[in-house]
Amino acid sequence: MAAALRLSSGLVLFGVSIALMVAAELGVPSWDVLHQGVARTTGLPFGWVVNGVGVLVLLAWIPLKVRPGIGTLANVLVVGLVADAALVALPDLHGPWVRGGVLAAGLLLNALATGLYVGAGLGPGPRDGLMTGLAARGISIRRARTAIEASVLAAGWLLGGTVGPGTVLFAAAIGPLTQLALRRLTFTATARAPRAVPS
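This section reports on the structure supplied with the text.

## Topic: the overall build of the chain
Logical step 1: Scanning the chain for helices and strands turns up eight helices and zero strands.
Logical step 2: Starting at the N terminus and ending at the C terminus, the chain contains elements arranged as α-α-α-α-α-α-α-α.
Logical step 3: In terms of overall dimensions, the chain is globule-like: its C-alpha atoms have a radius of gyration of 17 Å, near the 16 Å expected for 199 residues.
Logical step 4: For the C-alpha atoms alone, the extent of the chain along its principal axes is close to 65 × 40 × 30 Å.
Logical step 5: In the chain, the proportion of contacts linking residues at least 24 apart, taken out of those at least 6 apart, comes to 84%.
Logical step 6: If you sum the accessible surface of the chain, you get close to 10,700 Å²; carbon and sulfur atoms cover 70% of it.
Logical step 7: Of the side chains in the chain, 14 bear a positive and 6 a negative charge, and the two mean positions are spaced by 18 Å.

Following this line, the structure appears as structure tokens:
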């Protein structure tokens, strides 16, 4: 599978995964708590907020000297629009088992999608780049990720975003699941290169 196809399919699936977790109404990842809070405060569509926050985070890359790629731009343009469209298409969910199943599906799909679009090697998403930019300045990935997640979670909660068991589940599971997905799905151009024919 070509890197561009991995990128595009990963971004679409990432948007769908966000919509699934939002529709389950059991709590969403920290960034989406912020997105929900901003959407409820401003009245803007959820997907617009996802894209808008992505643009603002890109501005924070400037002092960190992180360079975007085509995947970064595609992330900003695609994910929010897909999330909005998927939220419109999804039916109302009733019953704890149905909502729990949709939440679990969204979590697994999120890890798979991250593995596809980050593993494509065409540029990280705005939020991923913020974390790696901090890490490049001597802050460990664990501390950078924790600080960012805690900050946006607190801001989103204050703005009225949904915090629930799904938020806790995501925080506990997304790291290992994403690591596994990246290990399996990271694209290397040389992996499929033909072997040189000895002279």
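## Section: the packing of aromatic side chains
Logical step 1: Taken as a whole and assessed by the stated rule, the structure comprises one aromatic pair.
Logical step 2: Between Phe-14 and Tyr-117 the ring centres are 5.5 Å apart and the planes differ by 85°, which places this aromatic pair in the edge-to-face class. Highlighted residues: Phe-14 in helix H1 (residues 3–24) and Tyr-117 in helix H5 (residues 96–119), separated in sequence by 103 residues. Residue Phe-14 shares its accessibility class with Tyr-117, and that shared class is buried.

## Notes on the packing of helix H2 (residues 30–42) against helix H3 (residues 46–64)
Logical step 1: Running from N to C, H2 and H3 point in directions that differ by 115°, and their axes come no closer than 9 Å. Handedness of the H2/H3 crossing: right-handed. Of H3, the residues touching H2 (which contributes Trp-31, Asp-32, His-35, Gln-36, Val-38 and Ala-39) are Phe-46, Val-49, Val-50, Val-53 and Val-57.
Logical step 2: Residues that form the contact of H2 with H3 fall into these classes: eight nonpolar, two polar and one charged.

## Things to note about the side chain of Asp-84
Logical step 1: Position of Asp-84 among the secondary structure elements: in helix H4 (residues 70–89).
Logical step 2: Buried and unpaired, Asp-84 has no salt bridge, with Arg-40 as the nearest side chain of opposite charge at 12 Å.
Logical step 3: What Asp-84 contacts, discounting residues up to four positions off in sequence, is Pro-45, Phe-46, Gly-47 and Trp-48.

Basis of the calculations
Residues numbered from 1 in each chain as written. Predicted model: local features only at pLDDT ≥ 70, side-chain atom pairs only at ≥ 80, totals over all residues. Heavy atoms only, no water. Helix = DSSP H or I, 4+ residues; strand = E, 2+ residues; numbered from the N terminus. Rg over C-alpha atoms; globule rule 2.2 N^0.38 Å. Contact = heavy atoms within 4.5 Å. Areas by Shrake-Rupley, 256 points an atom, 1.4 Å probe, with all protein chains shown as cover. Lys, Arg positive; Asp, Glu negative; His and termini not counted. Charge placed at Lys NZ, Arg CZ, Asp CG, Glu CD. Phe/Tyr/Trp six-rings, centres within 6.5 Å; stacked < 30°, edge-to-face > 60°. Buried < 20%, exposed > 50% of the residue type's maximum accessible area, 1.4 Å probe, protein only. Axes fitted to C-alpha atoms, helices over the stretch in contact; angles between N-to-C directions. Left-handed = near helix turned anticlockwise from the far one by under 90°. Nonpolar A, V, L, I, M, F, W, Y, C, P; charged D, E, K, R; others polar. Salt bridge = Lys/Arg side-chain N within 4 Å of Asp/Glu carboxyl O.

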